[in-house]
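Working through the structure, step by step
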Protein chains: 2
Amino acid sequence: MDSEKTVTACVLIIGNEILSGRIKDANLSYIATGLASVGVQLREARVIPDVTETIVDTVNEMRARYDYLFTTGGIGPTHDDITAECVARAFGVPLIVHPASRRLLESHYKPGELNEARLRMAMVPEGAVLLENPISQAPGFRIGNVHVLPGVPLIMRAIFDAVKPGLAGGDKVHSRTISCSLSEGTIADDLTRLQARYSDLDIGSYPYFRRGGSGTSLVFRGTKPERIDAAVAELEAIIRGFGDVPRQEDTAAMTE
Amino acid sequence: MDSEKTVTACVLIIGNEILSGRIKDANLSYIATGLASVGVQLREARVIPDVTETIVDTVNEMRARYDYLFTTGGIGPTHDDITAECVARAFGVPLIVHPASRRLLESHYKPGELNEARLRMAMVPEGAVLLENPISQAPGFRIGNVHVLPGVPLIMRAIFDAVKPGLAGGDKVHSRTISCSLSEGTIADDLTRLQARYSDLDIGSYPYFRRGGSGTSLVFRGTKPERIDAAVAELEAIIRGFGDVPRQEDTAAMTE
């Protein structure tokens with residue numbers, strides 16, 4: 001019962017528009033939070049441009065290194081949608097028209113509307129499993145440990161939410177966040193000692209500067225809730241020792 | 001005058017909290033936009049955890065591959081602020097207390113308050129140049145082609161804005177965005193031919209799904225504005241040919 005099972009993942013964000021700054025990525029934190037909820041630990045994310053060699057090499061490097069790879073972006077009917085053909089190349093398999101996807105397109109478009117470009121949306125690496133897209137006509141797909149998702153957040157979320165329950169997660173990582181009005185420098189030495197005593201936990205320290213005052217948020221992360229509770233109790237004593245009052249914070253995703 | 005000068009950069013976001021989904025990165029698009037404005041092209045971004053080996057290896061890989069590397073996160077007084085020591089290790093130099101930074105801290109804190117933890121904020125790789133922090137007491141620094149910035153957006157922006165004018169940029173990349181109500185599939189074949197005729201430009205196609213209707217945004221990017229204008233004129237004719245009206249869009253950063 002005590003052996004830990006760690007399942008890892010990485011996210012590959014494919015898109016010139018994120019790198020140019022024109023569009024802000026809105027997918028990473030959603031995927032990160034969703035993976036954590038099923039016991040999959042996101043270990044790395046990369047943003048890369050729409051360049052064939054870069055995509056092929058990065059897919060191969062990351063699918064070998066992590067249990068799961070999720071890509072976003074670059075699936076669709078236009079010339080810059082090259083993710084499917086790059087993933088096919090990475091796996092060394094041909095790009096084929098998926099029969100189910102073709103039928104879907106044929107039922108959606110009027111005769112004559114299903115042009116060559118639109119048929120590109122039905123093209124997947126041979127052996128890939130379609131991931132149903134409830135919103136538009138470009139399905140995602142899975143091949144091996146690689147999930148290929150669209151970049152449009154609305155659609156990405158719908159497909160990811162459907163995929164999530166089927167992921168084989170490991171031990172869930174629990175977390176608690178305690179905030180205080182003390183500066184990082186005030187409690188840093190005590191935190192170092194606390195982290196040393198709780199080496200099975202990951203204790204993060206994050207200064208905040210908000211209207212209404214500044215302070216520090218301490219995040220405790222680990223697979224054993226009782227260890228987190230014990231470390232939090234010690235931290236609260238440390239904070240009170242400096243004359244401040246610890247505050248339990250919601251651990252939902254937040255922007256700094 | 002016609003030879004192109006390309007200057008590249010990458011961003012390394014260091015922080016468990018981005019990968020856990022607790023905090024949304026708010027720095028990448030800011031840096032991307034800022035770099036573009038001075039003729040530096042952001043080619044890649046990575047998000048990695050607070051793990052020494054990972055940081056050291058990634059810093060060395062990326063500083064060799066790109067003209068500039070910008071890191072965010074992990075500078076401060078607590079045990080999990082390991083960026084400075086990792087960068088020192090990557091460069092093979094010792095971590096030292098910077099005299100100017102120490103003086104700054106000594107003038108800021110009352111006698112006795114400048115503890116060992118706070119003195120960590122003055123530690124930089126030997127040979128590093130301080131990047132003044134107008135908001136808190138942890139300066140960023142530059143060593144070689146690596147700029148080390150804090151993760152708190154308010155402070156990161158202040159330091160980055162001061163650094164930006166001094167970057168040696170190449171040819172600026174200009175961009176124009178045209179939107180229409182047509183679906184990607186409708187114009188995809190024409191776009192493919194347009195991209196082939198304007199191979200010196202990068203034409204991106206991005207479907208949007210908003211209240212008020214869906215459609216496609218086309219982004220033209222390149223170093224020669226007159227080439228962009230010519231391609232845009234052709235695109236506008238294509239859009240009109242399908243009975244739709246092209247709309248010029250603001251190219252400021254947007255969230256999908």
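Since the structure is predicted, the reported quantities are computational estimates derived from the model, not experimental observations.

**Things to note about the overall build of chain A**
- When you go through chain A residue by residue, the secondary structure sums to 9 helices and 14 strands.
- Each principal axis of the C-alpha atoms in chain A carries an extent, and together these give about 75 × 45 × 30 Å.
- For chain A, buried positions account for 53% of its 256 residues.
- Of the contacts formed within chain A by residues at least 6 apart in sequence, a portion of 69% connects residues at least 24 apart.
- By element, 51% of the accessible surface of chain A is carried by carbon and sulfur atoms, the whole surface being about 10,900 Å².
- Chain A carries 27 positive and 33 negative side-chain charges, and their two centres are separated by 3 Å.

**Digging into the pattern of salt bridges**
- Enumeration over the complete set of coordinates arrives at 28 salt bridges over all chains.
- Taking the shortest distance from any N to any O, the salt bridge between A:Glu17 and B:Arg221 comes out at 3.3 Å. You can see A:Glu17 sitting in helix α1 (residues 16–19) and its partner B:Arg221 sitting in strand β12 (residues 213–222), one on each of two chains. Each member of the pair, A:Glu17 as well as B:Arg221, carries the same accessibility label: buried.
- The closest approach of N and O atoms between B:Asp229 and B:Arg176, which form a salt bridge, is 2.8 Å. Residue B:Asp229 is located in helix α9 (residues 225–241), and its partner B:Arg176 is located in strand β10 (residues 174–180); the two are separated by 53 residues in the primary sequence.
- Salt bridges linked by common partners bring A:Glu44, A:Arg46, A:Glu61 and A:Arg65 together as one network.

**Concerning the relation of the copies chain B and chain A**
- Between chain B and chain A, the superposition needs a rotation of 180 degrees and an axial shift of 0.0 Å, giving an RMSD of 0.0 Å. Look at the turn and shift together and you get a two-fold axis relating the two. In terms of proximity to the rotation axis, the leading residue of chain B is B:Arg46, whose C-alpha is 2.2 Å off the axis.
- Looking at chain B, 100% of its interface residues are interface residues in chain A too, so the copies touch through the same face.

**Details of the sheet that holds strand β9 (residues 146–149) of chain A**
- What the 12 strands build is an open sheet, ordered β7(A)-β8(A)-β9(A)-β4(A)-β1(A)-β3(A)-β3(B)-β1(B)-β4(B)-β9(B)-β8(B)-β7(B); its pairing is mixed. Edge positions in the sheet fall to β7 (129–131) of chain A together with β7 (129–131) of chain B, since each of these pairs with one other strand and no more. Mean inter-strand twist for the sheet, computed between neighbouring axes without regard to direction, equals 20 degrees.

**A closer look at the packing of aromatic side chains**
- As enumerated under the stated definition, the model contains 6 aromatic pairs over all chains in all.
- With a centroid separation of 6.3 Å and an interplanar angle of 70 degrees, the aromatic rings of A:Tyr30 and A:Phe160 are classed as edge-to-face. You can see A:Tyr30 sitting in helix α2 (residues 28–37) and its partner A:Phe160 sitting in helix α7 (residues 153–163), a full 130 residues away along the chain.
- Accessibility expressed as a relative area gives 0% for A:Phe160, which makes it buried.
- Residues B:Tyr68 and B:Phe70 carry aromatic rings whose centres are separated by 6.1 Å and whose planes lie at 35 degrees to one another, so their mutual orientation is tilted.
- Grouping aromatic residues by their ring pairs yields a cluster made of A:Tyr30, A:Tyr68, A:Phe70 and A:Phe160.
- A cation over a ring is seen here: A:Arg63 above A:Phe91, with NZ or CZ 3.7 Å from the ring centre.

**Side note on empty space enclosed by the protein**
Residue and element names in this part refer to chain A.
- Applying the stated criterion across every chain, the model contains 1 cavity of 30 Å³ or more.
- In this structure, the largest cavity occupies an estimated 140 Å³ of space.
- Taken together, 14 residues line the largest cavity, and the ones lying closest to its centre are Gly 76, Asp 81, Ala 84, Arg 120 and Met 123.
- Every element with two or more residues in the lining of the largest cavity is listed here: α4 (83–91) and β6 (123–125).

**Things to note about the interface of chain B and chain A**
- Facing 64 residues of chain B, the contacting portion of chain A comprises 64 residues.
- Linking chain B to chain A there are 24 residue pairs in polar contact (both at pLDDT 80 or more).
- Broken down by element, the residue count for the side of chain B that touches chain A peaks at 8 residues, all from helix α8 (residues 184–197) of chain B.
- One ladder, built from 3 bridges, connects strand β3 (residues 41–48) of chain A with strand β3 (residues 41–48) of chain B; its direction is antiparallel. By the bridge assignment for β3(B), A:Val47 is matched with B:Ala45.

Procedures and definitions
- Residues numbered from 1 in each chain as written.
- Chains lettered and ligands numbered in written order.
- Predicted model: local features only at pLDDT ≥ 70, side-chain atom pairs only at ≥ 80, totals over all residues.
- Heavy atoms only, no water.
- Helix = DSSP H or I, 4+ residues; strand = E, 2+ residues; numbered from the N terminus.
- Buried < 20%, exposed > 50% of the residue type's maximum accessible area, 1.4 Å probe, protein only.
- Contact = heavy atoms within 4.5 Å.
- Areas by Shrake-Rupley, 256 points an atom, 1.4 Å probe, with all protein chains shown as cover.
- Lys, Arg positive; Asp, Glu negative; His and termini not counted.
- Charge placed at Lys NZ, Arg CZ, Asp CG, Glu CD.
- Salt bridge = Lys/Arg side-chain N within 4 Å of Asp/Glu carboxyl O.
- Least-squares fit on C-alpha atoms with pLDDT ≥ 70 in both.
- Pairing = 2+ DSSP bridges.
- Axes fitted to C-alpha atoms, helices over the stretch in contact; angles between N-to-C directions.
- Phe/Tyr/Trp six-rings, centres within 6.5 Å; stacked < 30°, edge-to-face > 60°.
- Lys NZ or Arg CZ within 6 Å of the ring centre and 35° of its normal.
- 1 Å grid on protein atoms, 1.4 Å probe; cavity = no way out; pocket = protein on both sides within 12 Å on 5 of 7 lines; lining within 4 Å.
- Points joined across faces, edges and corners; volume = space filled by probe spheres on them.
- Polar contact = N/O pair within 3.5 Å; in protein donor to acceptor, adjacent residues only side chain to side chain.

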